[in-house]
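If you want the building blocks of each chain, they are given just below.
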Amino acid sequence: MNILVVDDEIDFAVMLKTAIEMRYKSNVFVAHTGHEGLSHIQNNGVDLIISDLMMPDMDGLEMVRQIKNTNKDIPVIFITAYADVQSAMEVIRLGASDFIRKPFTVSSLYYSLDRLIHFKTDPEVFTQPLGLIGETSWSFTARDIDIPQFASDLANLLAKSHLIPFYERHSF
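What counts and what doesn't
What you see as residue numbers is a count from 1 along each chain, following the sequence as written. Per-residue local features are limited, in this predicted model, to residues with pLDDT of at least 70; the limit for side-chain atom pairs, both in listing and counting, is 80 or more; totals at the level of whole chains, interfaces and linings are taken over all residues. The side-chain figures draw on all heavy atoms in the structure; neither hydrogens nor water molecules are used. Runs of E in the DSSP output that reach at least two residues are strands. Runs of H or I that reach at least four are helices, and both are numbered from the N terminus. In this scheme, a residue with accessible area under 20% of its type's maximum is buried, one over 50% is exposed, and one in between is partly exposed, where area comes from a 1.4 Å probe on protein chains only. Whether two residues are in contact is decided by their heavy atoms: any pair within 4.5 Å suffices. In protein, a polar contact means a hydrogen-donor-capable atom and an acceptor-capable atom, both N or O and within 3.5 Å, with residues adjacent in sequence counting only if both atoms are side-chain atoms; elsewhere, any N or O pair within 3.5 Å suffices. Arc definition: it is the arc formed by the directions from the helix axis to the C-beta atoms.

## Structural notes on the environment of Tyr24
By the secondary structure assignment, Tyr24 is in the loop between α1 (10-23) and β2 (27-31). On the basis of relative accessibility, which here comes to 11%, the residue Tyr24 falls in the buried class. On a C-alpha basis, the gap between Tyr24 and Asp114 in space is 9.5 Å, while along the polypeptide they are 90 residues apart. If we skip the residues at most four places from it in the chain, Tyr24 touches Tyr110, Leu113, Asp114 and Ile117. In this structure the side chain of Tyr24 is engaged in a polar contact, spanning 3.3 Å, whose partner is the side chain of Arg23. At 3.2 Å, the side chain of Tyr24 and the backbone oxygen of Tyr110 are in polar contact.

## Some thoughts on helix α2 (residues 34-44)
For α2, the complete set of buried residues consists of Gly34, Gly37, Leu38, His40 and Ile41. An end-on view of α2 places all buried positions within 160° of arc, on one side of the element. Among the exposed residues of α2, those pointing more than 90 degrees away from its buried face are Gln42, Asn43 and Asn44. In this structure, the buried residues of α2 make contact with β1 (2-6), β2, β3 (48-52) and α3 (60-70).

## Comments concerning the environment of Gly37
Secondary-structure assignment places Gly37 in helix α2. The class of Gly37 is buried, set by a relative accessible area of 0%. Sequence spacing of Gly37 and Val64 is 27 residues, and the spatial spacing of their C-alpha atoms is 9.5 Å. For Gly37, the contacting residues outside a window of four places in its chain are Leu4, Val6, Ala31 and Met63.

Written out as structure tokens, the structure reads:
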């Protein structure tokens, strides 16, 4: 499996690469900008993308929009320190496989990767409802999603999580 990590924080990207290589027999490549990520995919192809949401040259959303124009089936995991409902909704519209909030544990990354790898052999893995994983990750299915219900579920999860100060400052 060829995995591309796209993150402008060089040390963080290298840490992700190392963590993935320790657990999976994969070729892990690192790009530090959205443009580098696009170039790598066009020249080499990948089986899975792990991308930061906020990057200076091109955000992860725009990079994935461009990738999904030519390869709709490539799984994407977004990782961000800037989690909000609007970002979560947009990653769902793009067909992302997971949305992990920084800081996170390596086990939550492994959980997401395990699900994606298992999905290749059992597509029913992603028919599970929205769930909060260790209060750091929202896992969801992009197929047949009811956006108003998702927003309501997400608001309820935020109300129960450690994101309460964010939730109280924003109306949904």
